[in-house]
Amino acid sequence: MRHHFPSKDTNLNTEPALLEVNNLRAGYGPIEVLKGISLEVRAGEIVTIIGANGAGKTSTLMSISGCLKATGGTVRFAGKEIQRLPAHEIVKCGICQSPEGRKIFPRLTVHENLEMGAFTRSDTAGIKHDLEKAFHLFPILKERRRQLGGTLSGGEQQMLAVARALLGRPQLLLLDEPSLGLAPLIILKIFDAIRELNKEGMSILLVEQNARLALKLAHRGYVMETGAITMHDEASRLLNDQRIRDAYLGE
Ligand SMILES: Nc1ncnc2c1ncn2[C@@H]1O[C@H](COP(=O)(O)OP(=O)(O)O)[C@@H](O)[C@H]1O
Ligand SMILES: [Mg+2]
């Protein structure tokens, strides 16, 4: 499947997107896995990247967040080129990531894990405010705040990974597979939280193997196959596209 949809977007807003990824290339050693990715996230949007295992979704997020160096192309955030900045500078620009596999610190408490999310900040009052907001979003984390991260359930660890990213006070939140391995009820809780964050104005780039769930939540979606974007459209259109249904929705 390698059809390219022209954007059917009738939005005449000419303001530049919050995130503009243009012809991004990256890889591991001699192996290039991102073969010229272009996508954008406008302010206030939830955008999802769906695709099979190994398509390059994680690598895309990693290279936006500066954890994987781009070998070509540009990443612009709020109009500024960031693809050469180190990861901690990108956090300061307002992009925070909840990584695949959660990557919480198992020997730190919940509270300490959250403090790590604020490592680039020194605004004590602001950090305290964001901590309370995170606890409001995920009350179980407040109950467990003195518990070691490694003793949390999978769902609680996922909530902690999202909350830790929020402690960086992102304008753009990168979420990598937040539903992976979790029970349906927990997934709903996490997706509700994502929706709530977006309602408050946060822009979100969501990577998911669970395409149905992701497309139901997102405004727009990109389909990724072997390191390239093959389709993009309004999420509702992708949900109803027979090729997407055959390939990703099992219908
Ligand atoms: N650290 C790594 N070293 C070498 N190859 C990697 C590494 N991480 C991912 N890859 C390869 O890059 C490709 C894209 O992987 P990834 O970005 O993790 O895809 P996805 O998140 O869509 O499953 C795969 O072929 C994968 O094997
Ligand atoms: Mg991945």
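Above this text you will find the structure in question.
**As for the site of ligand 1**
- All residues adjacent to ligand 1 are Tyr-28, Val-33, Ala-52, Asn-53, Gly-54, Ala-55, Gly-56, Lys-57, Thr-58 and Ser-59.
- At 3.3 Å, a side-chain N or O of Asn-53 approaches an oxygen atom of ligand 1.
- Within the backbone of Ala-55, a nitrogen or oxygen atom sits 3.2 Å from an oxygen atom of ligand 1.
- Protein contact buries 56% of the 560 Å² of open area that ligand 1 shows by itself.
- For the shell around ligand 1, a count of residues per class yields 4 nonpolar, 5 polar and 1 charged.

**Considering the coordination of the magnesium ion (ligand 2)**
- Surrounding the magnesium ion (ligand 2) are the protein donor atoms Thr-58 (OG1) and Glu-100 (OE), at 2.0 to 2.2 Å. Here Thr-58, found in helix α1 (residues 57-64), pairs with Glu-100, found in the loop between β6 (95-98) and α3 (110-117); they are 42 residues apart in sequence, far enough to count as distant.
- Taking the relative accessible area as the measure of exposure, Thr-58 reaches 23% and is therefore partly exposed.

**Quick notes on the environment of Gly-154**
- Mapped onto the elements, Gly-154 comes out in helix α6 (residues 154-166).
- Judged by relative accessible area, Gly-154 falls into the partly exposed class, the value being 31%.
- Considering only alpha carbons, one finds Gly-154 and Arg-102, 52 residues apart in sequence, at a separation of 9.0 Å.
- Apart from residues lying up to four places away in sequence, Gly-154 is in contact with Arg-102 and Leu-182.

**Side note on the sheet that holds strand β5 (residues 80-81)**
- Pairing in this open sheet of 4 strands is antiparallel, and the strands run β2-β1-β4-β5 from one edge to the other. Edge positions in the sheet fall to β2 (31-41) and β5, since each of these pairs with one other strand and no more.
- Bridge analysis of strand β1 (residues 19-28) against strand β4 (residues 72-77) gives 5 bridges, and the strand direction is antiparallel. In the strand pairing of β4, Arg-25 is matched with Gly-72.
- Across the face of the sheet, α1 comes into contact with β1, β2 and β4 while running at roughly 70 degrees to β2.

**With respect to the nonpolar core**
- Of all hydrophobic cores here, the largest spans 47 residues; its most connected members are Leu-114, Phe-138, Leu-141, Leu-173, Ile-194 and Ile-204.
- Sort the elements by how many residues they give to this core and α6 lands first, with 7 residues.
- A domain-level breakdown of this core finds at least three residues from each of domain 1 (1-6 + 15-94 + 171-251) and domain 2 (102-169).
- Apart from the residues within four sequence positions on either side, Leu-141 is in contact with Val-110, Phe-135, Glu-156, Met-159, Leu-160 and Ala-163.
- Leu-24, Leu-61, Phe-77 and Val-207 belong to the second-largest nonpolar core, a separate cluster that totals 27 residues.

Rules used throughout
- Residues numbered from 1 in each chain as written.
- Chains lettered and ligands numbered in written order.
- Predicted model: local features only at pLDDT ≥ 70, side-chain atom pairs only at ≥ 80, totals over all residues.
- Heavy atoms only, no water.
- Near = heavy atom within 4 Å.
- Polar contact = N/O pair within 3.5 Å; in protein donor to acceptor, adjacent residues only side chain to side chain.
- Areas by Shrake-Rupley, 256 points an atom, 1.4 Å probe, with all protein chains shown as cover.
- Nonpolar A, V, L, I, M, F, W, Y, C, P; charged D, E, K, R; others polar.
- Donors = N, O, S within 2.8 Å, 3.2 Å for Na, K, Ca; no water.
- Helix = DSSP H or I, 4+ residues; strand = E, 2+ residues; numbered from the N terminus.
- Buried < 20%, exposed > 50% of the residue type's maximum accessible area, 1.4 Å probe, protein only.
- Contact = heavy atoms within 4.5 Å.
- Pairing = 2+ DSSP bridges.
- Axes fitted to C-alpha atoms, helices over the stretch in contact; angles between N-to-C directions.
- Core = buried A, V, L, I, M, F, W, Y, C linked by side-chain atoms within 4.5 Å.
- Domains from an automatic or database assignment.

That's the geometry; what it means functionally is another story.
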